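Overview (structure and organization)
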Amino acid sequence: MKFKKTPESLVKDPGLDETIKNLTPERIVQVVNRVLTKENSARLQAYLDTCVHCGLCADACHTYVSRDKDPLFAPVSKVRQTLWELVRRKGNVDGEFIRNAARIAFTECGVCRRCSMYCPFGIDMAYLLLIVRRICSLLGVVPVYLQDTTNSHSVTSNQMWVQQDEWIDTLQWQEEEAQAELSTVRIPLEKEGADVMYSVIAPEPKILAQLLGNMAIIFKAAGEDWTMPATDGWDNSNMAMYSGDFEIMGRVERLHWETAARLKVKKIIMGECGHAFRGAVYDGPRWLSWQYPPIPMIHAIEYYYDLISSGRIKIKQKYQEHVTIQDPCNTVRGRGLGDKLRYIVDALCEKFTDVDPKQEHNYCCAAGGGVINCGPPWKRSRMLSNRVKAEQLGKTGADVIITPCHNCHSGIEDIIGFYNLGMHVKFINEILVECMEKPEESEG
Amino acid sequence: MYEFSRGPLVWIAFIVLIGGTIYRVAKIYRDSKKERVVHPYMSLSHGMRSIAHWLVPFGARNMRMRPVFTVMSFLFHICLLLTPIFLLGHVMLFEQSWGISWWTLPDGLANVMTILVVVAVTVFALRRLAHPVVRFVTKTSDWVLLVIVAAPFVTGLLAYYQVFDYRTVMILHMWSGALWLMVIPFTRIVHMIFFPLTRAYMGSEFGHVRSARDW
Amino acid sequence: MAQSAEVDFSPGKAQLVDLAALKSRFARIDEWVASPDGNSIAAPVKTEEGRFTICVNDQTWPDSFDLLWMLRYTPAGKLMALVQSDFEWTVAVDGKPWENTFEYVWQPRWSRDGEIIAALCKKDNEYGVVIEDKPWENRFKAVRDFALSEDGKRAAVTVQTDSLGEADVPGFFEGVWSLAVDGQLWDKKYINTWSPIFNADGSKVAAQIRTDICEYSISVDGADWTERYGCVWEPIFKGTNGTVIAPIRHGKNWTLAEDGRPIWSGEYNQLWRHSFSPDGSKLAAIVSPEFGRWTIAVDDKPWKRRFKDMVLEPTFSPDSKRVAAPVKSDGRWNIAVDGEVSGQGWDQIWDPVFTPDGAHVLAKAKQDKGFLVVCDGKPVRTNLSLCWDPIVSPDGQHVMLRYVEDEKYVREVVPIEELAR
C-alpha cells in the first residue's frame, strides 16, 4: 500500500523527517515485533479479527467529518494505513512508512475514544493508535515538540521544564496575589497530614498562575485542609502517555502518587485538566500495577460540584455572559462527569445553552491526546481537522465557552481564532472565584 | 457425493465450527489473562448493559443516526441466523438422523427471509463499492466472505425453485453451508463469537471503570 | 533519633505551651513542629504585614524576614527554616541566617545525626548545593535529584551539563545529564540520571541512568552496569562490600539485581523501595506479586496477605527480626507487621516505630480531623488536634508522645507496658 499524498504529509517536522534517517529495516522489524507480540496480545488480536471493515466508526471522528468526509481520515482508515500494514508486513516497512504512521497516529487522532463508542463491537481504536504511537516512540519518530514535552517529563516530572525553585517561587507569589483579594489566604506547602493534596499541570505555574491563586481562594472559602508539595511530583500531567513512552509515563505517575503518600493526604484534588486525569487515574496506575489509583483522585468538576451542591460555597451573583460547554473527553466520556459539569454551570451562570451533540457524544477539541503538543508545525492541520467543532460551538450563540480542561481550553482558543467565532474560553475556576461569596465578605 | 455431503461433511463442519470456536475463545481467554489489565476490570452488569444496548435496534446513537442501515443490518443478522436453524428442510434432516425436531418456519416466510439475506449481502456489497471509507478499507477477503455468506442462501433458493440440476445444486448448497460454518472461527465472521467479549470489555471499561455510557 | 540518649524519659505528662494564648499575638501562625526532645514546639508566625519570624514555645526569634517557610527540626534538635530578606533567600538555623544568600534555596537535607544541614541553591541563574553555609564553587545549568552522605560531608546531585535550545530533541538524546559529586562532574553523560545515593561511608555514589529511549541501567561512580533493562528504579548499596542492588524490569516483570545480576528469582508486576535490615542480613521490598495486589517481600518471599490500594516502604525492627509497613486496602490505612494486620484501619497513617526489641509497634494516625497514636493496632491516644511520631527510649521501656490537645502542647512519657496493655 502506498500512502496517498495529502497536504499534511508535506508538513515539516524534524521529529519525523530527521529521525527516520537513522532507522534500519532490522530495527523497525525488531520494535514492531516487540510491541505486537510481547507488549500486546488478546485485545489487539480480538480487535483486528473482529473488525468487519464496515466503516460505521467514520462519522464519529471530528477529523473525518471536518475534512469533508475524506476517507483517509476515518478512524478505521487510520488503522488501515498504519497497524494493519504493520501486522500484515510483520514490520517490514521503510522509514517513510513510519513517518506517515507517526503523522496519522500523533497528529490526526486525539485518542479521544469517540469512535470506540460508535463501533458496534466496541473496538477501542484509540488503543490501536496508541500501539502505533508506542512503535513510533520506541523508534524515536515522534513530533519534535511532543517529544520535547516527554523529555521534560523525564527530567523534571513536569511537562514544561519548570525548575524546582520556579515552582515554589510561583506558589509563594500566587499566595501574595491571592491575599490581595482575601487577606487570610494561604498556599500551605509540604503540610504533612493535610486532608488534600492539590495537584495541577505545569502550564498553571508557567503561564496561567492566577488559576493557582484562584484555587487558594476557593479552598479558603470552603475551609479545606490542603497542601501542595515543594518537590517534584506536583505535576499530574503526562504527555509521555501520549507519545508512547510508557516507561517515562510510569515514572511520572509513580512520583505523583508517592508524593501524595509522602504528604499523608486522604485524597488528591486536581485542577481542571482532562488528560492528566486519564494518566493519573487509568493509564499510569495500570502500568505500575495499581488496579485503581492508590489514593482517591478527585477531579475539579467533582470537587466544585460537591462544594456548590453541599452549600460549602455559596453563589453571590450569577455570571451574566451567555455560556456554553466544551465537554472534555477524559472527564466526561472518561469519567461520566457531564451531568455534574452542567449542574455547576447552571448554578454559576445566568444563561447557558448546551451543545449538540453533548456529554459522552461531544466532539473532541482536537487538541488533547498530545495533538496540540505536536506544536506549531501541525497547527493548521489541527484547525482543518475541527471545523465541525467551530460549527457546533457557533450554533449555540454563546459568548463564553466553559471547559474544565487545559487541552480543550487551548484547542478551543485556537479554533475561535481560526474560524473567527468571536467567543472566549474560560475555566470554571475563573467564574467560580468571580461569583462566589468570600469568607471575609460574609463575616463583614 | 451426495451421501458424503449430507453425512460426514456435516459432522466435519460442526466439529470444525465447535472445535474452532472453543479454540478461539480459549486462546483469547488465556491471552487476555496474560495481558493482566483486562479481567480485573470486567463487570458482568456493565458488560450485559452494553451488549443489550447494541443488540436492541436503535439502542445506540450510531444506529439512530443511520436508520436504513440499522434496519437492514438487523434484518440481515436475524434472517442469517434464524433461517437455517428453523428451516423445515433442515429440521427434517435432524429428525431423520437423530429423531429430534423443533418448531419450523412456514415455507413462505423462510423464503422471504432467505431472499432478505441475499438482498442484504447485495446491499453490503454495493456499499463496499459506494461508500468511500468502506471502499478504502475493503480487502479481497471482504469480498470472499460476502460470497461465502451468500452462497448457502443463493444455492438454497436455487434448490427451492428447482433451478438447474437439483442434485448438483443441493451438493453445492451443502458444501457452501459447510464452508460457511467452518470459516466462522477463522475469519472475520469470528465477530459473531467475539462480539459479546469485546462489547462486554468496552461496556465494563466505560460503565464500570469510568461511569460513562458507551452507546 | 541521635539525641534520644540524652532525652529525659521520666514518666509524666506536661502541658508545655498554651497555643490558644499565642493565637491572639500573631496575625498568622503556620504549621507547628515539635522538637525531637519534646521540650519545644515552633511555628512560622506573621508579626506584622510582610514580616515573618519563628515562635518557639512562646518566644519569637529576634530576626524577622520577608518570607519564611519549611520550618523543620533536624534529629539533632536544630531548628531550621528557609528565609527571605530583600529578595535574597538563605537558610536560618536556630534563629541565625547563613551569611551566604541566594536567588533561591530549597530542598533542605541533613546528615543522619542532624548536625549538618545542606540545601539546593540558585545564584546568578546557576544551580548548586550549599552545605553548612558553604556553597559549591561549581554551579550548573539545572539540578534535580539531591543526596547527602550520611555524615553530611558530601553531596551528589543530578545536573544538566550543557544548555539546550527550545525543543532540541537530538541534543537531549545525545545526553546532557550527569552527576555532580561535591561539585565535580562525572565524566560521563546520559539521557537521564535520577536518584543518586551514597554508600554508608560516603565513598561511592550510585544512580539510575537512561542510555537510550527505552534503555535503563545503574551507574556507580560513573561506571555503568553492562546490562541494559526496560526500566530500573532507585539503587541502594549493600552495607559491607559496597555492591549495588536495584529493581530491574525485563519483559513485563520486575526483580532485583545486584551489580547487574538478578538476585531474586521472583517475577513481580512491580518492585520498589527495597531496604536492608539493620544487621544487613535481610532485604525487604514493596512488591506486587499479581496485578492490583501489593505486599512486602522479605528475601524474595512475599507476605501471604495482599493489599489492594497501596503499600509503603518497609521498616525493620532494630533487632532486624521483624518488618512493618504502612498498608492500605479498601481505603483504610493500617500497619502490617510480618504480614499481619491488627488495627481497624484509619484515614491516614505514618511510618511504624518499633521498640528496640521489636515487640511493639507504634504509629501516628489520623481519622477524620483528629490525630491519634496507635500501639500494636490499638489507639492509645485519640482526638488530638496535632500529633508527632512517638519516640521510644533507648532502653525500650518508655515512649515519649508529643501532641496538641485542647489547644495545649503536651509532652507525655508513658511506660510501654501501659500503652501495650
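Residues numbered from 1 in each chain as written. Chains lettered and ligands numbered in written order. Predicted model: local features only at pLDDT ≥ 70, side-chain atom pairs only at ≥ 80, totals over all residues.

Moving on, we get to the overall build of chain C. For chain C, the helix and strand inventory stands at three helices and 45 strands. Rg of the C-alpha trace for chain C: 23 Å, near the compact-globule value of 22 Å for 421 residues, within the 12% margin. Judged by the C-alpha coordinates and their principal axes, chain C covers about 60 × 55 × 35 Å. Burial statistics for chain C: of 421 residues in total, 48% are counted as buried. (Helix = DSSP H or I, 4+ residues; strand = E, 2+ residues; numbered from the N terminus. Rg over C-alpha atoms; globule rule 2.2 N^0.38 Å. Buried ≥ 20, exposed ≤ 12 C-beta atoms within 10 Å, placed from the backbone.)

Now for the overall build of chain B. Within chain B, the regular secondary structure consists of eleven helices and zero strands. Order of helices (α) and strands (β) in chain B, N terminus to C terminus: α-α-α-α-α-α-α-α-α-α-α. With respect to the principal axes defined by its C-alpha atoms, chain B has extents near 60 × 40 × 35 Å. Within chain B, buried positions represent 31% of all 215 residues. Pairs at least 24 apart in sequence give 65% of the contacts found in chain B among residues at least 6 apart. (Contact = placed C-beta atoms within 7 Å.)

The subject of this paragraph is the domain arrangement of chain C. All names here are of chain C. Here the domain parsing of chain C yields domain 1 (1-139) and domain 2 (349-421). When each unit is reduced to the centre of its C-alpha atoms, the spacing between domain 1 and domain 2 is 25 Å. Facing the 22 residues of domain 1 at the interface are 18 residues of domain 2. The set of elements that each furnish at least two residues to the side of domain 1 that touches domain 2 consists of strand 1 (12-18) and helix 1 (19-23). Sort the elements by how many residues they give to the side of domain 1 that touches domain 2 and strand 1 lands first, with seven residues. Here the side of domain 1 that touches domain 2 is composed, by residue class, of 14 nonpolar, six polar and two charged. (Domains from an automatic or database assignment. Nonpolar A, V, L, I, M, F, W, Y, C, P; charged D, E, K, R; others polar.)

At the interface, 38 residues of chain B touch 35 residues of chain A. Counting residues per element, the ones that place at least two in the side of chain B that touches chain A are helix 2 (8-34), helix 3 (44-55), helix 4 (61-65), helix 8 (132-137) and helix 11 (191-209) of chain B. For the side of chain B that touches chain A, the leading source of residues is helix 11 of chain B, giving nine residues. By residue class, the composition of the side of chain B that touches chain A is 18 nonpolar, nine polar and eleven charged.

Residue and element names in this part refer to chain C. Pairing is antiparallel across the open sheet formed by four strands, whose spatial order is 28-29-30-31. Of all strands in the sheet, those with a lone pairing partner are strand 28 (270-276) and strand 31 (301-302), marking the two edges. Relative to strand 29 (residues 283-290), strand 28 runs antiparallel, the two sharing five bridges. Across the sheet, Gln270 pairs through a bridge with Ser288, a residue of strand 29. (Pairing = 2+ DSSP bridges.)

Counting residues at the interface gives 34 residues for chain C and 35 residues for chain A. Taken together, the elements giving at least two residues each to the side of chain C that touches chain A come down to strand 7 (67-73), strand 11 (104-110), strand 15 (142-148) and helix 2 (169-174) of chain C. Residues belonging to the side of chain C that touches chain A are distributed by class as follows: 17 nonpolar, nine polar and eight charged.

Residue and element names in this part refer to chain A. Between its first and last C-alpha atoms helix 2 (residues 25-39) spans 20 Å; for 15 residues at 1.5 Å apiece the expected length is 21 Å, and the two agree. Listed as buried for helix 2 are Ile28, Val31, Val32, Val35 and Leu36. Lining the buried residues of helix 2 we find helix 3 (42-50), helix 5 (75-88), helix 6 (95-107) and helix 8 (125-138). (Expected span 1.5 Å × (residues − 1).)

Attention now moves to the sheet that holds strand 16 (residues 155-160) of chain C. Either a parallel or an antiparallel arrangement is found when strands of a sheet pair, and the pairing is made through backbone hydrogen bonds. With antiparallel pairing, the four strands of this open sheet are ordered in space as 15-16-17-18 (chain C). Of all the strands in the sheet, the pair left with one neighbour each is strand 15 and strand 18 (184-185) of chain C.

Residue and element names in this part refer to chain B. Following the sequence through the fold, Leu146 ends up in helix 9 (residues 140-160). C-alpha separation for the pair Leu146 and Val118, spaced 28 residues apart in sequence, amounts to 9.9 Å. Residues in contact with Leu146, not counting those within four places in the same chain, are Val121, Phe124 and Ala125.

Cis geometry marks the peptide bond from Asp356 of chain A to Pro357 of chain A; its omega dihedral reads 0°. For Pro357 of chain A, the location among the structural elements is in the loop between strand 6 (349-352) and helix 19 (379-384). One non-glycine residue, Ser289 of chain A, lies in positive phi territory at about 85°. Tracing the backbone shows Ser289 of chain A in the loop between helix 15 (275-288) and strand 4 (297-299). With 23 C-beta atoms packed within 10 Å, Ser289 of chain A lands in the buried category. For Asn125 of chain C, which is not glycine, the phi torsion reads 65° and is therefore positive. Its location among the elements puts Asn125 of chain C in the loop between strand 12 (117-123) and strand 13 (126-131). The exposed category is assigned to Asn125 of chain C, around which 9 C-beta atoms lie within 10 Å.

Moving on to the packing of helix 2 of chain B against helix 10 (residues 166-183) of chain B. Residues and elements named next belong to chain B. Running from N to C, helix 2 and helix 10 cross one another at 15°; their axes reach a closest spacing of 8 Å. With respect to helix 10, the axis of helix 2 lies roughly parallel. The hand of the helix 2/helix 10 crossing is left-handed. Residues Leu9, Val10, Ile12, Ala13, Phe14, Val16 and Leu17 of helix 2 form the contact with helix 10, whose own contacting residues are Met174, Ala178, Leu181 and Met182. For the contact of helix 2 with helix 10, the per-class residue count stands at eleven nonpolar, no polar and no charged. (Axes fitted to C-alpha atoms, helices over the stretch in contact; angles between N-to-C directions. Parallel < 35°, antiparallel > 145°, perpendicular 65-115°, else oblique. Left-handed = near helix turned anticlockwise from the far one by under 90°.)

All names here are of chain C. Strand direction decides the pairing type here: strand 40 (residues 370-375) and strand 41 (residues 378-384), joined by four bridges, are antiparallel. Counterpart to Phe371 in the pairing with strand 41 is Leu384. Where strand 40 folds back on strand 41, the antiparallel hairpin that results is connected by two residues, among which Asp376 adopts a positive phi of roughly 50°.

Residues and elements named next belong to chain B. With twelve residues, helix 3 extends 16 Å between its outermost C-alpha atoms, agreeing within 8% with the 16 Å of an ideal straight helix rising 1.5 Å per residue. Listing the buried residues of helix 3 in full gives His46, Gly47, Arg49, Ser50 and Trp54. For helix 3, the buried positions fall inside an angular range of 160° around the axis, keeping them on one side. For helix 3, the exposed residues set more than 90 degrees away from the buried face come down to Leu44 and Ser45. Lining the buried residues of helix 3 we find helix 11. (Arc of directions from axis to C-beta.)

Let's shift gears to the packing of helix 7 (residues 107-130) of chain B against helix 9 of chain B. Residues and elements named next belong to chain B. At their nearest, the axes of helix 7 and helix 9 sit 10 Å apart, and the two run at 150° to each other. The orientation of helix 7 with respect to helix 9, classified from their angle, is roughly antiparallel. By crossing handedness, the relation of helix 7 to helix 9 is classed as left-handed. Contact residues: helix 7 offers Asn111, Thr114, Ile115, Val117, Val118, Val121, Phe124, Ala125 and Arg128, while helix 9 offers Asp142, Leu146, Val149, Ala150, Phe153, Val154, Gly156, Leu157 and Tyr160. Class assignment of the residues belonging to the contact of helix 7 with helix 9 gives a composition of 13 nonpolar, three polar and two charged.

We now examine the pairing of strand 30 (residues 293-298) of chain C. Working note: regular strand, side chains alternate between the two faces of the sheet. All names here are of chain C. With five of six residues buried, strand 30 is to be regarded as a mostly interior element. Two elements, strand 29 and strand 30, share five bridges in a ladder whose sense is antiparallel. Pairing of Glu290 across the sheet is with Arg293, part of strand 30. Pairing of strand 30 with strand 31, which is carried by two bridges, proceeds in the antiparallel orientation. Bridged to Val298 within strand 31 is Lys301. Hairpin connection, strand 30 to strand 31: the antiparallel pair is bridged by two residues, and Asp299 has positive phi, about 50°.

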